[in-house]
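Chain by chain, the residues:
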Amino acid sequence: MIIVKKQELIKGFLRVGLKCGDTVLIHASIKALGKVDGGPKTVVEALLETLGVKGTLVAPTFTFRHEIEKNPIIDPSNDFSEMGSITEAVRTMPNALRSKAYRHSFAAIGPNASTITQTDAGVSPFDIKGSFGKMLNLDTKVMLIGLTYVISTSHHFAEYLLGVPYRYTIPLEVKVRMSDGEVKTKRMIDYQPKPTSS
């Protein structure tokens, strides 16, 4: 069995166009990479080394389970990412920051992390003032690792801005666990497909 090393990942990331200083949003599958020496953490370390100290790594850390919970408490510090093991590895890095959102949170590491994650929780992440808008302003690259564009949520950003008729926003009052442990009620916006009979 071939084992992929960190330096091989770095070479690959450079070959596909990542550069030192880039801000990049990743959608990644660890299975697509094969057997990685050190697992998802190695992939994150390779991305961070490729981007350098001036670069910023962003990962979607969405939590869809809150939709089915009766009284969900959004807990940015502890809610695990449902977007795969690489995104969870980004979220749990000691220097990672994470946005507060009902479902569509992001974790980021690097100089632009605060700009991307410290947005108003009452604004949709897909809004021009939300995380996606901040990433657009930073000319963020979208990198798909072993996945097709159908899995990328960046197209929902375009749908939101265009006001497509088949999706809509849902205003919510939800409980959020703050960094000090206190639970507060916050206004948040969810963005979903409109229910249909088909």
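Scroll up for the structure.
Residues numbered from 1 in each chain as written. Predicted model: local features only at pLDDT ≥ 70, side-chain atom pairs only at ≥ 80, totals over all residues. Heavy atoms only, no water.

(A) Highlighting the sheet that holds strand E7 (residues 106-109). With mixed pairing, the five strands of this open sheet are ordered in space as E6-E7-E4-E2-E8. Pairing within the sheet leaves two strands with one partner each, and these edge strands are strand E6 (97-98) and strand E8 (141-145). Two strands pair when backbone bridges link them, and strand E2 (residues 23-28) and strand E4 (residues 56-60) are joined in this way by three bridges, in the parallel orientation. For Thr23, the partnering residue across the bridge sits in E4 and is Thr56. (Pairing = 2+ DSSP bridges. Helix = DSSP H or I, 4+ residues; strand = E, 2+ residues; numbered from the N terminus.)

(B) Local environment of helix H3 (residues 40-51). The end-to-end C-alpha distance of H3 is 17 Å, a good match for the 16 Å that twelve residues give at a rise of 1.5 Å each. Among all positions of H3, only Thr42, Val43, Val44, Ala46, Leu47, Thr50 and Leu51 are buried. Of the residues one or two after H3, Gly52 is the one with positive phi, at around 70 degrees. (Expected span 1.5 Å × (residues − 1). Buried < 20%, exposed > 50% of the residue type's maximum accessible area, 1.4 Å probe, protein only.)

(C) Layout of the pattern of salt bridges. Scanning the entire structure with this criterion turns up 13 salt bridges. Residue Asp75 is joined to Arg177 by a salt bridge in which the shortest nitrogen-to-oxygen separation is 3.4 Å. Here Arg177 lies in strand E9 (residues 167-177) and Asp75 lies in the loop between strand E5 (73-74) and helix H4 (85-91), a separation of 102 residues in the sequence. Classification of Arg177 as partly exposed rests on a relative accessible area of 29%. Across the pair Arg103 and Asp190 runs a salt bridge, and its minimum N-O distance is 2.9 Å. Highlighted residues: Arg103 in the loop between E6 and E7 and Asp190 in strand E10 (residues 183-193), separated in sequence by 87 residues. For Arg103, a relative accessible area of 7% corresponds to the buried category. By sharing partners, the salt bridges in this structure join Lys6, Lys41, Glu45 and Glu49 into a single network. (Salt bridge = Lys/Arg side-chain N within 4 Å of Asp/Glu carboxyl O.)

(D) How the structure looks around the environment of Pro94. With respect to the helices and strands, the residue Pro94 is situated in the loop between H4 and E6. Distance in space between the C-alpha atoms of Pro94 and Ser131 is 21 Å, their sequence separation being 37 residues.

(E) Local environment of the packing of helix H1 (residues 6-15) against H3. Contact geometry for H1 and H3: axes closest at 9 Å, N-to-C directions at 50 degrees. When the interaxial angle is binned, H1 and H3 end up oblique. When the axes of H1 and H3 are compared, the crossing they make is right-handed. Within the contact between the two elements, H1 uses Lys6, Gln7, Leu9, Ile10, Phe13 and Leu14 and H3 uses Thr42, Val43, Glu45, Ala46, Leu47, Glu49 and Thr50. (Axes fitted to C-alpha atoms, helices over the stretch in contact; angles between N-to-C directions. Parallel < 35°, antiparallel > 145°, perpendicular 65-115°, else oblique. Left-handed = near helix turned anticlockwise from the far one by under 90°. Contact = heavy atoms within 4.5 Å.)

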